[in-house]
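Listed below, chain by chain, are the residues.
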2 protein chains.
Amino acid sequence: MIISTVSAIAALALLPSTFASRRRTSHIGGFLAGHVPAERELEQKVEGLVDPARAEANLRHLTSEPHMAGTEASRRVAQWLRDEYRSFGLDAEIVTYSVWLPLPREVRIELLSPVKQTLSSRDQPFDGDKQSSDPRAVVGFNAYSPSGDQTAPVVYANYGAEEDYRALEALGVEVQGKIILVRYGRIYRGVKAKLAEAHKAAGLLIYSDPQDDGYVVGDVYPRGPWRPLSAVQRGSVLYTQIYPGDPLTPGVAATPGASRIKPADAESLPHIPTAPINAQDASVIFASLGGQQAPRAWQGGLPLTYHVGPGAAQLHMKLIMDYGQRPIYDVIARLRGIDDNQWVMLGNHHDAWVFGAADPGSGTAAMLEAGRALGELARSGWKPRRTIVICQWDAEEPGLIGSTEWVEANLAPLEQKAVAYVNTDVGVTGPNFSAAATPSLAEFLRDVARDVQDPNSGGSIYDAWRGSVNRSKFEPTEKPDQAGGSVPVSGPPGEVPLGALGAGSDFCPFFDHAGIPSIDLSFTGPYGVYHSVFDDFYWMKNFGDPSFQYEAALARVLGVIALRLSEADILPFNYAEYASEITQATDDLAAQAQFGDANSAAEKPNDRLKVLSDASAQFASVAAAAAQALGSTPSTGLTPDRERAINAALVSVEQAFLSSDGVAGRPWYKHTIFAPGKNAGYTAEMVPGVSESLEDNDPGELTQEIDRLASALNRASARLKEVVRLASAPK
Amino acid sequence: MIISTVSAIAALALLPSTFASRRRTSHIGGFLAGHVPAERELEQKVEGLVDPARAEANLRHLTSEPHMAGTEASRRVAQWLRDEYRSFGLDAEIVTYSVWLPLPREVRIELLSPVKQTLSSRDQPFDGDKQSSDPRAVVGFNAYSPSGDQTAPVVYANYGAEEDYRALEALGVEVQGKIILVRYGRIYRGVKAKLAEAHKAAGLLIYSDPQDDGYVVGDVYPRGPWRPLSAVQRGSVLYTQIYPGDPLTPGVAATPGASRIKPADAESLPHIPTAPINAQDASVIFASLGGQQAPRAWQGGLPLTYHVGPGAAQLHMKLIMDYGQRPIYDVIARLRGIDDNQWVMLGNHHDAWVFGAADPGSGTAAMLEAGRALGELARSGWKPRRTIVICQWDAEEPGLIGSTEWVEANLAPLEQKAVAYVNTDVGVTGPNFSAAATPSLAEFLRDVARDVQDPNSGGSIYDAWRGSVNRSKFEPTEKPDQAGGSVPVSGPPGEVPLGALGAGSDFCPFFDHAGIPSIDLSFTGPYGVYHSVFDDFYWMKNFGDPSFQYEAALARVLGVIALRLSEADILPFNYAEYASEITQATDDLAAQAQFGDANSAAEKPNDRLKVLSDASAQFASVAAAAAQALGSTPSTGLTPDRERAINAALVSVEQAFLSSDGVAGRPWYKHTIFAPGKNAGYTAEMVPGVSESLEDNDPGELTQEIDRLASALNRASARLKEVVRLASAPK
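Now for a description of the structure that goes with this document. (Residues numbered from 1 in each chain as written. Chains lettered and ligands numbered in written order. Predicted model: local features only at pLDDT ≥ 70, side-chain atom pairs only at ≥ 80, totals over all residues.)

### Observations concerning the overall build of chain A
Check the secondary structure of chain A and you find 23 helices and 18 strands. Relative to its length of 731 residues, chain A is compact, with a C-alpha radius of gyration of 25 Å against a globular reference of 27 Å. Reported as C-alpha extents along the three principal axes, the dimensions of chain A are approximately 80 × 75 × 55 Å. Across the 731 residues in chain A, those meeting the buried criterion constitute 60%. (Helix = DSSP H or I, 4+ residues; strand = E, 2+ residues; numbered from the N terminus. Rg over C-alpha atoms; globule rule 2.2 N^0.38 Å. Buried ≥ 20, exposed ≤ 12 C-beta atoms within 10 Å, placed from the backbone.)

### Focus: the interface of chain A and chain B
Facing 13 residues of chain A, the contacting portion of chain B comprises 14 residues. Here the residues of the side of chain A that touches chain B are counted per class, giving seven nonpolar, four polar and two charged. (Contact = placed C-beta atoms within 7 Å. Nonpolar A, V, L, I, M, F, W, Y, C, P; charged D, E, K, R; others polar.)

### Comments concerning the relation of the copies chain A and chain B
It takes a turn of 180° to lay chain A on chain B, together with a shift of 0.1 Å along the axis; the resulting RMSD is 0.0 Å. Here the two chains are linked by the operation of a two-fold rotation axis. It is Pro303(A) whose C-alpha, among those of chain A, lies nearest the rotation axis, at 2.9 Å. Mapped onto chain B, 100% of the interface residues of chain A are again interface residues, and the two copies thus contact each other with one and the same surface. (Least-squares fit on C-alpha atoms with pLDDT ≥ 70 in both.)

### Some details on the pairing of strand E4 (residues 148-156) of chain B
All names here are of chain B. The pairing of E4 with strand E9 (residues 314-335) spans six bridges and is classified as antiparallel. Looking across to E9, one finds that glutamine 150 is bridged to methionine 317. Bridge count between E4 and strand E5 (residues 179-183): three bridges; the pairing is parallel. Within E5, the residue paired with valine 154 across the bridge is isoleucine 179. (Pairing = 2+ DSSP bridges.)

### Examining the pairing of strand E5 (residues 179-183) of chain A
Both faces of the sheet carry side chains from a regular strand, because those side chains alternate between them. All names here are of chain A. When you tally the buried positions in E5, you get five out of five residues, the bulk of the element. Across the two faces of E5 the burial is the same, with Ile179, Leu181 and Arg183 and Ile180 and Val182 all buried. With five bridges connecting them, E5 and strand E6 (residues 203-207) associate as parallel partners. Paired with isoleucine 179 across the strands is glycine 203, a residue of E6.

### Notes on the environment of Arg189(B)
All names here are of chain B. In this fold, arginine 189 is placed in helix H7 (residues 189-198). Separated by 17 residues in sequence, arginine 189 and isoleucine 206 place their C-alpha atoms 8.0 Å apart. Contact partners of arginine 189, with chain neighbours within four places excluded, come to Asn142, Tyr184, Ile206, Gly235 and Val237.

### A closer look at helix H10 (residues 357-379) of chain A
Residues spaced three or four apart along an α-helix face the same direction, because each turn holds 3.6 residues. Of all 23 residues making up H10(A), 20 are buried, and the element is well covered by its neighbours. Gly381(A) lies just past H10(A) and shows a positive phi near 115°.

### With respect to unusual backbone geometry
Apart from glycine, the bulk of residues carry a negative phi angle, and the bulk of peptide bonds sit in the trans form. Here the bond from Ser113(B) into Pro114(B) is cis, since omega is 5°, no more than 30 degrees from zero. The residue Pro114(B) is located in the loop between strand E1 (91-113) and strand E2 (117-118) in this model. In the Ramachandran plot, Val687(A) falls in the positive-phi region, its phi being about 35° despite a non-glycine side chain. Relative to the elements of secondary structure, Val687(A) occurs in the loop between strand E18 (684-686) and helix H22 (688-696). Classification of Val687(A) as buried rests on a count of 27 C-beta atoms within 10 Å. Within the chain, Arg186(B) stands out as a residue other than glycine whose phi angle is a positive 70°. Within the fold, Arg186(B) resides in the loop between E5 and H7.

The structure is reproduced here in structure tokens:
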């Protein structure tokens, strides 16, 4: 306790008075003017309570042993988290599901000719970092690969995207029956596996090219934060782009008594053996590949000329995967509010491939610290207006399983009660704030960033964020495209654009399946050790966040978000920005249709798209009316019931965008505006149903998708009309 | 003789009848209709006489030993060439000059710390190629580096261009007193040396990065044609961008009795020790460099993260260069014409850094074969209308010395008699035709390419050329930027654009100093062994031109060019294309001036540039009138005197572009329209005087340069007006 108090004072002392005074304005979006001082005081207290040393201690504990989902170590972490939240004064429980999970029993990858050589070398330990030689670290494997035993020639297929297979076909290179070697990056590894399967490959090897996250990008561990040649990227190849979560219980919770489909019927399970290898093993394969020189853009950073193969290389891969029903352990901690029927939710996963210092420990360490600060506040007599729920998911790594099963188990209460879901995953790898959000919360998030201090600059996080977005136009990306998964969408002119929510972390079931307005945030930096042994405490202490000041900043941001969403009089949703994103997307569709094949369909898609542009124009007009009716400061004359009704309507707009049929061919994905790209998997696709049916040039499907989207927009408009009515009607 | 006859018949048989008939049109630019059949017959005979087996035998002889300029081996090559041309029936002689030439006595480059390691390793021999281990190959060195002994920390400066030094300054990295490590490419190595000297470096190391001509681009020797890690690029650092040729006799021939300046006064001599190293030695230095990470664009293809330095690396370079007056041996062979006062000139150098199979042997082997075919034709009774002069220069490699001294020795007769100079240097490295030319000969060259067959496709070289230009937009460049030296300029719409003549080979003194209309041509392909031991017969036989069919094609092109320029009634100069290039350049200048600093000069440069646009508009109008007056087929009514007068006027336009004062600061470079870039060295700069004075923002210099250029344009217009008068006046 002494340490905590001293540190809290020290942290407060760090806030320069200029910054502190600048942010003490009398306005906070969604708050009655009279409620602002109290909110400011709460926020200041929570921020002052956050302690970098505590975050560091949290991370040290979380990274003390490898703790993969499905192992006893993962249960130990869950129990510790539950106990910690309880010690902070929260109601915390462990929720268990039984899911179909593989553990690797044997991974053997070897070149048989022209020379015989084993190619499943371990991450090379570094003496200065004891954890790097921990024998408990799981071997390199891709979760949900089937077992298999294949010997075949090798063909190199760049990133393994559909366009890469088209290029191979143009070169006359046969891929059927071959083991395909692809590099990590650009698209989700589960999409790589699905495309390799579609092209009838015998197997798939995915390696980390130094051009993508190794020495070409920057100094490698232990000299720097990027991936050394020996570091293999573990990771799941579950087809989460079809549906995430337990593959045997699509759409329903994996409770002990749930009815389960057969693995052979699970559309999210891959069918060809797939394994990751490190760059140095990949270079042995490349050295033995024959065939034509690879196209110039396929040349990576290894010191040789890349060929597409095949050739002398004969590769043998033998995978024995032990599949079974295994328990997973979600931790749900609640700080009950005055209104327990409104939930402000924060979440992050706790399972890790190995030590998981950045992924996910950095987010968990900060979330714990935010939870502790909120708990302290509650102990001092405050009770949140709405309930704050903090979730620590298990089994995110194999396929967003802990969050998906919980969402599927709690769909009805979530639809009724959840106000928003705020996710962080690879929470801190450096100082650059990064955020993706539903467009209705973009301005809210910018406001929070304006009011929290950036440790390096001493100014606001917002200003630092703006600076790093401008810089990043000229610098290599610092965020691995495997994590977080967001594409920038255009914000209002002059504002920092936020990313769109794709997939790749636990916001996916909340947003894409349940229609809960969601946010995903992190502080990013140079980070190449993703899913390797080296994502450990040493890495964080030497490269990611040596002083844990960004851990503290993340905890403060999470605390302020929780407080504002909990205490707001009117929830700070702004649908004008959402409307402008939708208008942009439907305009893009119209342009895309115009340049399509004019002769292919009797009816011009443009005529049908008119239905859409009308619906989105109506939504834009109602969104503007709602923003005006609500004003920037809520009216003091609203009754509590009226406030509650307005808030319920505001939250429900996101759910109005859901279609019960889901996106064409992917019924689990219900959101008509956003979905992870079918062939990208991480990055978001806008208006996915219409967009994909236009690409497929399927007039029947197009009509259906247009109807679904237009209906969704009309439903959303009706909700906002209700907001206008409630906000404008005589009090 | 039997071999030759048999092969000639075989070669004729290779011409498919479709191609042969297609090109038998009744029109050839510059020929009276009645003279076309005889010309066609001559061309067909010369083409038939060319024999790939002879070209191969020539190359085998030329590459039989290392034959660097200044050595006895170079004299042996010159004597053999003279004797060969004599055996073909040409008048051939050796012309000797005495020039200031260095030979390397000792090149020691070593890392002293953090580890001691020698860094001047030899090109690594390959057992399958005996020549690659020849002990007579000269060590890696840069000709005209001074002797020196320096120990200093190292700083990496990317390509060593001025913008790279600016970037280092922005990073706060001091270069003064350091040994600068730069990679080859982008700009002439002599410009790298001059800039390093200007920035007060202690020394300069230039290495070959695998990203530029090694494994990143393609398979390396002996698997492929690109540069292996051990292959060092030799080459001169003489400041030829100031003036080429013997550094002690600028502007005059280096005859025994010429007056010589002191080496200390020679503006073309570098002052800091400079040496080349191979990629594997460079990687040792990079591994020991400290300092910041290099900017992303500076990262090359070595398997490590590039830093800018300095750091632990302490480098020692000790160079002992033996300077002295040494003899060089040009070979001049003449096939006298009816009019010995008009010279059609072909040329290539014969000196090589080591074996020089591609550079320069491939061009020499083809030129010899063209000379033999023309000699055979003369023996059968034909006498050329104009004299054909074939030149084989010595000492091109150290600085265009053989050609420059000869041009300086023969300036007056050249101005009177030379019709055109046709150069080839790295004549054949693959199948892609490549050409640079004075714009007035661009259409002539396209016509020749339309009439000679491409060996691979069986169609015309023109069609293949067009195809390869289109492909090259999507493929890495195949021509080393060190050789040939040309930038594409825009041709007429729908036509293949030709390059502009920069520097880097022996056309430079003819074109830039003497104003002789010039052409540079070659067949290019993947070629990474430039200036290394591996540019040998094995390389050519395995990669460059295994069947010597492109050697034969080059000989045919040279033969047809010689015949057309020799036999034409009216010389095929077209100044309309030249005018359009000039108009484009002056328009660009006006645009450039507009976007410059409007406040910097009291008078707007645009007002002064008006003088230029008027002059170029007048030139364009006269060029159009001349083209119209001459028509596409010469009038039959011109007297021989009138024809001669028209031809003399047509040739003299290029000389009219010369200014006796030369380009600002570079008096040797007389051409006002084209010069090698001051800070690029290889690539051409258009209207260099005006362009550089605009960059320098020097109003006084700008006025002077505008006056010079406008006067040159007006002189050229006057020559063309004379053509119009002569072609239109009553016969």
